[in-house]
Structures are given as C-alpha cells and as structure tokens.
Amino acid sequence: MQSLRQLYRQFRSGWLSVTLFYALLLGLVFGLYVWATRHLGVTLPPAARALPIVVAPERLWVGLNAVWLIFAWGFTLQLLLGLVWIWRRHPKDGNLGFLLRRGVWLSAHAGIFEELIFRYYGYFALVLGLVALDRWTAGRLAQAVAAWVNPLVNVVTLGQFADQFNAASWPLGLAAIIGAWFFRNAHVHYGPLAKANVWVIGVIMFWLMLHYGLVTAMAAHMLYDVAVFLAVALISPLQPRH
C-alpha cells in the first residue's frame with residue numbers, strides 16, 4: 001500500500017501528469033455541463049448569461065487590486081509554515097530555482113484549469129441543477145434560500161454578493177457557496193488549515209469572476225499560487241538537507 005501511495009505521489013507531482021489530470025477533470029465537468037443543458041430542461045438565468053468572461057485591462061487591474069491582500073496573505077502564511085518546517089527539521093523540498101520554475105508551472109495550470117473547472121463549467125452546471133431542483137420542488141427551494149440563506153450569507157460576506165443573493169439571482173449566489181465548498185474539498189490534502197483558507201479563497205475567486213470576469217479570476221489564482229510557491233522557494237535554502 002505504501003509503495004502504491006509513493007507511486008501515486010510521483011505520478012501526481014509530474015508536470016505531464018498534472019496537465020493530464022486537469023484536462024481529464026475539465027472534460028468531466030464540461031461533459032456534466034453539456035448534459036445538464038440538454039437533459040434537465042432548464043436554461044441559465046439571464047443574470048448568469050450576462051456574466052463577463054473577459055474585461056478591459058483597466059477593469060482587470062481594478063479587480064486584482066481589490067484582492068491584493070490575499071496575495072500577501074498567501075505569501076505570509078506559507079512563509080510562517082516554512083519556519084515551522086525548519087523548526088521540525090523538515091527535509092529540503094528542492095533548490096530555489098527548481099521550486100520557482102515548478103511553482104510558476106503549477107500556478108499557471110491551476111489558474112487556468114481550476115478556474116475553468118470550478119468557476120465556469122462546474123459553476124454553471126450547479127446553477128442549472130439548482131434551477132431544475134427549484135422547478136421540481138415547485139419553487140420551495142427558492143423560498144427557503146430567500147428566507148434563510150440570503151440574509152445569512154449577505155451578513156457573512158459584508159454584502160459583497162448582494163447582486164447574487166437576492167430573489168432574482170439566488171441560484172448564482174448559492175452555486176458560488178457550494179462551488180467554493182467543492183473547491184475546498186479538492187485541496188484538503190494540503191492539511192487541516194487549508195480547509196478554511198481554501199474555502200475563503202474560493203469565495204473570493206467567485207466574487208472576482210462575478211464582478212470582473214473569469215480571466216480576472218484566472219489571473220488572481222495564478223498570482224496567489226505564485227506568491228505561495230515564492231515563499232516555499234525562499235525558505236528552501238534554510239531547510240536541512242536530510
């Protein structure tokens with residue numbers, strides 16, 4: 001069993017296998033979206049069809065500037081974890097150059113593929129599923145969301161999703177929260193601390209996608225991951241070799 005786990009980790013960490021993994025997952029989620037559009041008998045709400053994909057460069061920079069704190073947070077958190085690794089005599093992950101190259105490569109993959117998977121096809125498949133479920137329950141789901149979910153989420157998110165968590169656009173808001181939960185579950189192998197952190201980052205990426213377009217969320221995702229890998233690379237020379 002241990003050898004199988006080691007083999008899986010080696011395959012999973014390879015650059016080709018990372019590309020293959022993301023491509024297969026994207027194909028699966030895209031297939032789910034196509035199936036939902038053809039067989040559920042529902043269409044996306046007008047608010048979903050109006051969401052931007054690409055925005056003007058100045059809008060992209062405004063969106064990235066609005067969430068600059070997450071880049072600093074990711075770098076600082078990883079740096080602190082790196083200091084803990086040094087204290088616990090965690091063996092060296094690799095040299096600085098290798099970690100930087102690997103970090104940029106993985107960041108680009110995650111920024112493009114994960115946003116397409118979680119923030120686009122997976123997200124809209126969830127929206128379609130919620131619309132269908134509301135139809136099958138004769139509108140009871142929408143009533144429950146309006147009565148219980150919308151007020152709570154708008155308080156927790158400081159009203160940043162008010163355009164989605166309302167009576168007209170409730171599937172967009174609820175799908176974002178559920179989608180962030182799926183996004184979190186895809187990263188729980190990084191440890192218990194990652195659960196809450198990744199869920200929050202996922203919610204922020206949904207906010208970026210909804211307000212500044214999918215490409216802005218992709219850019220932010222890449223920059224966040226680059227900040228994390230930069231911290232890993234900078235701390236690597238201080239780690240023991242064995």
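A quick note: this is a predicted structure, and the numbers were derived from the prediction, not measured. (Residues numbered from 1 in each chain as written. Predicted model: local features only at pLDDT ≥ 70, side-chain atom pairs only at ≥ 80, totals over all residues. Heavy atoms only, no water.)

Enquirer: I'd love a proper account of the overall build of the chain, names of residues and values included.
Expert: Along its length, the chain carries 10 helices and zero strands. Along its sequence from the N terminus, the chain presents helices and strands in the succession α-α-α-α-α-α-α-α-α-α. The 242 residues of the chain split such that 44% are buried. The contacts in the chain between residues at least 6 apart in sequence include a share of 80% that link residues at least 24 apart. (Helix = DSSP H or I, 4+ residues; strand = E, 2+ residues; numbered from the N terminus. Buried < 20%, exposed > 50% of the residue type's maximum accessible area, 1.4 Å probe, protein only. Contact = heavy atoms within 4.5 Å.)

Enquirer: A description of the environment of Val127 should follow, citing residues and the corresponding values.
Expert: Along the chain, Val127 turns up in helix H6 (residues 96-136). As for Val127 and Ala176, which are separated by 49 residues in sequence, their C-alpha atoms are 8.8 Å apart. Each residue touching Val127, except ones within four places of it in the same chain, is listed here: Leu44, Pro45, Pro171, Leu172 and Ala175.

Enquirer: I'd love a proper account of the pattern of salt bridges, names of residues and values included.
Expert: Counted under the stated rule, the structure contains one salt bridge. One salt bridge in this structure joins Arg119 and Glu115, with 2.7 Å as the shortest N-O distance. With Arg119 and Glu115 both in helix H6 and four residues apart, this pair spans about one turn of that helix. Of the two residues, Arg119 and Glu115, neither departs from the other in class, the shared state being buried. (Salt bridge = Lys/Arg side-chain N within 4 Å of Asp/Glu carboxyl O.)

Enquirer: Which residues make up helix H8 (residues 170-185), and what values go with them?
Expert: Helix length check: H8 (16 residues) gives 23 Å between terminal C-alpha atoms against 22 Å at 1.5 Å per residue, within 8%. Those residues of H8 that fall on the buried side of the exposure criterion are Trp170, Pro171, Leu172, Gly173, Leu174, Ala175, Ala176, Ile177, Gly179, Ala180 and Phe183. (Expected span 1.5 Å × (residues − 1).)

Enquirer: Explain a nonpolar patch on the surface residue by residue, including any values.
Expert: Together, Ile53, Val54 and Val215 line one region of the surface with nonpolar side chains, adding up to about 230 Å² of accessible area. Turning to its location among the elements, Val54 is positioned in the loop between helix H3 (46-49) and helix H4 (57-66). Classification of Val54 by relative accessible area gives exposed; the value is 61%. (Patch = residues over 30% accessible without salt bridge, like charges linked within 9 Å, V, L, I, M, F, W, Y side chains within 5 Å. Areas by Shrake-Rupley, 256 points an atom, 1.4 Å probe, with all protein chains shown as cover.)

Enquirer: I'd like a rundown of the side chain of Asp134, residues and numbers included.
Expert: Relative to the elements of secondary structure, Asp134 occurs in helix H6. Those residues within four positions of Asp134 in sequence are excluded, and the remaining contacts are Gly139, Arg140, Leu141, Ala142 and Trp170.

Enquirer: An account of helix H7 (residues 140-156) is needed here, citing residue identities and associated values.
Expert: A rise of 1.5 Å per residue sets the reference length of H7, with its 17 residues, at 24 Å; its end C-alpha atoms lie 24 Å apart and thus fit the reference within 8%. Within the sequence span of H7, burial applies to Leu141, Ala142, Val145, Asn150 and Val153. Positive backbone phi, at 55 degrees, marks Leu158, one or two positions downstream of H7.

Enquirer: A description of the nonpolar core should follow, citing residues and the corresponding values.
Expert: Counting 63 residues, the largest nonpolar core has Tyr123, Leu208 and Met209 as the members making the most contacts within it. For this core, the secondary structure elements donating two or more residues are helix H2 (15-39), H4, helix H5 (68-87), H6, H7, H8, helix H9 (192-212) and helix H10 (214-235). With residues near it in sequence (within four places) discarded, Met209 still touches Leu51, Pro52, Arg119, Tyr123, Leu214 and Ala217. (Core = buried A, V, L, I, M, F, W, Y, C linked by side-chain atoms within 4.5 Å.)

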